[in-house]
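Chains, contacts and geometry: an overview
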Amino acid sequence: MTERPVPHPLRRTLAILAGLLALALILLAALWNWDWFLPLIERRAAAALHRPVTIAHLHVRPGWTTTITLDDVHIGQPAGFTSEKQDFAGARSIAVAVKPWPFLVGRELTLPLVAFDAPHGDIVALPDGRDNYSVTTDGRPADTAPPALPNIGELRITDGDIRIALARLRSDFRLALHTTPPAEGKPGTIVAEATGRYAAQPITGHFVGGALLTLADARNPYPVDLRVANGPTSVTLRGTVDDPLHLAGAHLDLTLAGPDMSRLYPLTGIPIPHTPRYSVSGKLDYTEARIRFTGFEGHLGGSDLNGDITIDPHQTVPFVEAALHSHLVDLADLAGFVGGEPGHAKTANTADSNVLPDQRIDVPKLNAVNAHIAYHGDHIENKRIPLDNIEVDATVRNGAIDVRKLDFAVGTGTLASTATLTPAANDDFSTRFKLDVARVPLARLMRGAAGLEGQGTIGGHVTLSSTGHSVANLVARGTGGITLVLDQGGHLSAILPDLLGLQLGNALLSALGLPNRTPLHCFIADMPLRDGILSTRSFLIQTGDTRTTGDGTVDFRDNTLNYALTTRAIHFTIASFPGAVHITGPLRAPTILPGAEIAGRLAATGALAAVFPPAAIIPTIQFGVGKGSACEQAVQQAYTHPAAGIAPGATTGPRPSPAARAARRASPAQVRAAWKKKQQPNGR
């Protein structure tokens, strides 16, 4: 019988140790709990985030690709926000797949998958500016460059829910987030749905973008498809972005539509006055230096609108350059730019006595941007004033407005204005305004009148110096004046009706006993404005047979007038009721009443008609007040002491008018001679 060899003692010891090690590994695997590391992880995370952190469970599945899973993660609110009902952030679970071995040998850390299941967040900013999302980590300020990210294969989000509440923007809305996985060789996407309120208006939004990880891929443009409805304002944005992290450029189609462009301020940060309904579409792109909205086209109320807008967001105050153009302009659509109510579809406020725009100029919003705006409108549609086109060149800088040009063409003439508005105390503006009326042809003003008589022009100036917060307020506090002179004439009906939007013209003609077709030979208005009260230095309307003078005031402080127009015959006239007509009361609806002289003549006419009918014509007889001197004196005064502070000069006629040339000479006889010659047929 062969004996078995006896094992060497060393081999026996090694075998026992191997067995014990195997048993220990089995027992370790069976009894090990990765949750033992949770206190250490929670302390480190809380110290880094300055917020309490709790994790229910930690799972590790070792291997060449190791999977680490954190269950029921909660990150609490920071100090000062503990009253919030939700955690600052958290998730049902966070899973990370790691390839540890390449990293251990000095290669890049690779994470094939980072998955968030039901992540949630609560982003809050209070009215005083404090927020719960500014974080300082590891002694490094939050706004310094973060460490390099690992190589992540896929970022997966399921059932995300983020609340964003920003008090200063009057916003509180939620984002529902999820990702779609890559399929058929195409990268996945991220999808976000927004609901809630933004800028105190309901907001809904739908966004589909490329996978989040492709944001850092400079080789492939990042796709964007965004639709937002904020109250009645809608925004769509579709296209691609080149290397978004480095602002390399974009190829986006942007469409904006809504009832009022001023509602875009919360979305764009650019203050725009009130407008009627609009819709514009164009190309949006950007570089590191500029954001550009180019080649846009659309409409603004009844006007078309196109052009280019460039924004430099890197200056201390963002700078906006706008070059705008319209082929057809309805001036009612632009009323909001001068403090009025834009558009035609509005309800008159009978309780508002202002006849001038009274909307406050918003100083804080003007401080939000600096801007240069150039605008040209080819053709104006305007029922009240026959303007042909519009040209605007204006700047906004540090809250000050400099209107270098606001010009209208009127036939061969122009209405050219300039204005400066500088911020003053109490959100007011210190304002200087000047309007030059140059060679405005009567034929253009009378384009709707048949049987036109005369081809004269109107010229002169309007000035205003004031401090206030709206057009109405500026005029109510203002000092300046109006100086206007008519060279030759046309029909009186072209001058009086509706020039100030006051429905007075036809009623005045009737009250003065003048027919609509009365030929107009001379019109002069020289009216100073002092502290909101427009008084009369000269007001003269001379026709072929009558001379009407005006006297009184217009008080823009309470929008009332107290005025009298007195008409006298130039020649011997029968069947006329001369005298004063009084216009008093609110500017919106004044009362027109005959004066004592007209009333007396009317009463006398009635009495005589009852006693002896042929004698009824006696009170209607006028012997005339002479010819020539009143018009000449008014012209002379308008040129030597103009209420506007600027003599009419060469603002009438194709060249300086005879009256302008005569007024430059001091001799009254020469002034009379010039006007006498002018009143002869063909100027002979």
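Residues numbered from 1 in each chain as written. Predicted model: local features only at pLDDT ≥ 70, side-chain atom pairs only at ≥ 80, totals over all residues. Heavy atoms only, no water.

Remarks on the overall build of the protein
Keep this limit in mind: Strands here mean DSSP runs of E at least two residues long; helices mean DSSP runs of H or I at least four residues long; both are numbered from the N terminus. For each residue, the accessible area found with a 1.4 Å probe, counting protein chains only, is set against the maximum for its type, and the residue is called buried under 20%, exposed over 50%, and partly exposed in between. Areas reported here follow the Shrake-Rupley algorithm with a probe of radius 1.4 Å; residue values treat only the protein chains shown as occluding.
Tallying secondary structure elements over the protein gives 12 helices and 31 strands in all. Taking all 684 residues of the protein together, 41% fall into the buried category. For the protein, the exposed surface amounts to about 36,400 Å²; the carbon and sulfur share of it is 60%.

Side note on the nonpolar core
Note the following rule: Put simply, buried Ala, Val, Leu, Ile, Met, Phe, Trp, Tyr and Cys residues joined by side-chain atoms within 4.5 Å make one nonpolar core. Residues are treated as being in contact if the distance between any of their heavy atoms lies within 4.5 Å.
Counting 82 residues, the largest nonpolar core has Leu256, Leu331, Tyr375, Ile390, Leu415 and Phe539 as its most contacted members. Excluding its chain neighbours within four sequence positions, the residues that come into contact with Leu256 are Ser234, Val235, Leu264, Tyr278, Ser279, Val280 and Phe293. Residues Leu38, Leu58, Leu70 and Ile75 belong to the second largest nonpolar core, which totals 11 residues.

Thoughts on the packing of aromatic side chains
The criterion, for reference: Between rings of Phe, Tyr and Trp, where Trp is taken as its six-membered ring, a pair exists when centres lie within 6.5 Å; planes separated by under 30 degrees are stacked, by over 60 edge-to-face, and by other angles tilted. Working rule: Lys NZ or Arg CZ, within 6 Å of ring centre, within 35 degrees of ring normal, means a charge sits over the ring.
Applying the stated rule across the entire model yields 5 aromatic pairs. Measuring from centroid to centroid gives 4.9 Å for Phe293 and Phe296, while their planes differ by 15°, and the two rings are stacked. Classification of Phe293 by relative accessible area gives buried; the value is 8%. A cation over an aromatic ring shows up here: Arg51 above the ring of Phe88, its NZ or CZ 4.5 Å from the ring centre.

A word on the confidence of the model for the protein
For any part of a model where pLDDT is low, the fine detail of the predicted coordinates should not be relied upon. So the rule is basically this: pLDDT is a residue-level measure of predictor confidence that goes from 0 to 100.
For the protein, per-residue confidence averages 77 on the pLDDT scale, and 70% of positions sit at 70 or higher. Note on residues 448-454: pLDDT is under 50 here. Beyond four places in sequence and across chains, it has 13 contacts. In this model residues 572-577 is a low-confidence stretch, pLDDT under 50, and it forms 18 contacts with partners more than four residues away in sequence or in other chains.

A closer look at the side chain of Asp285
Mapped onto the elements of the fold, Asp285 is located in strand β14 (residues 278-286). Look at Asp285 and you get buried, because its relative accessible area is 14%. Excluding residues that lie within four positions of it along the chain, Asp285 makes contacts with Ala250, Arg290, Ile291, Arg292 and Thr294.

A closer look at the environment of Ala167
Within the secondary structure, Ala167 sits in the loop between β7 (160-166) and β8 (171-180). Here Ala167 falls in the partly exposed class, since its relative accessible area comes to 33%. Separated by 36 residues in the primary sequence, Ala167 and Asp131 place their C-alpha atoms 9.9 Å from one another. Filtering out sequence-adjacent residues up to four positions away, Ala167 remains in contact with Ala125, Leu126 and Pro127.

Brief notes about the environment of Asp402
By the element assignment, Asp402 lies in strand β20 (residues 400-410). A relative accessible area of 29% means that Asp402 is categorised as partly exposed. Along the chain, Asp402 and Thr418 lie 16 residues apart, while their C-alpha atoms are 8.0 Å from each other. Ignoring anything within four residues of it in the chain, the contact list for Asp402 reads Asp393, Ala394, Thr395, Ala419 and Thr420.

A look at a nonpolar patch on the surface
Quick reminder of the rule: In this analysis, a patch consists of residues with relative accessible area above 30% that form no salt bridge, clustered at 9 Å for like charges and at 5 Å for the nonpolar side chains Val, Leu, Ile, Met, Phe, Trp and Tyr. Basic side-chain nitrogens of Lys or Arg form a salt bridge, by our definition, when they fall within 4 Å of a carboxyl oxygen of Asp or Glu.
Taken together, Trp36, Phe37, Leu40 and Ile41 make up a surface patch of nonpolar side chains, about 370 Å² in accessible area. Its location among the elements puts Trp36 in the loop between α1 (9-31) and α2 (38-49). On the basis of relative accessible area, Trp36 is assigned to the exposed category, the value being 53%.

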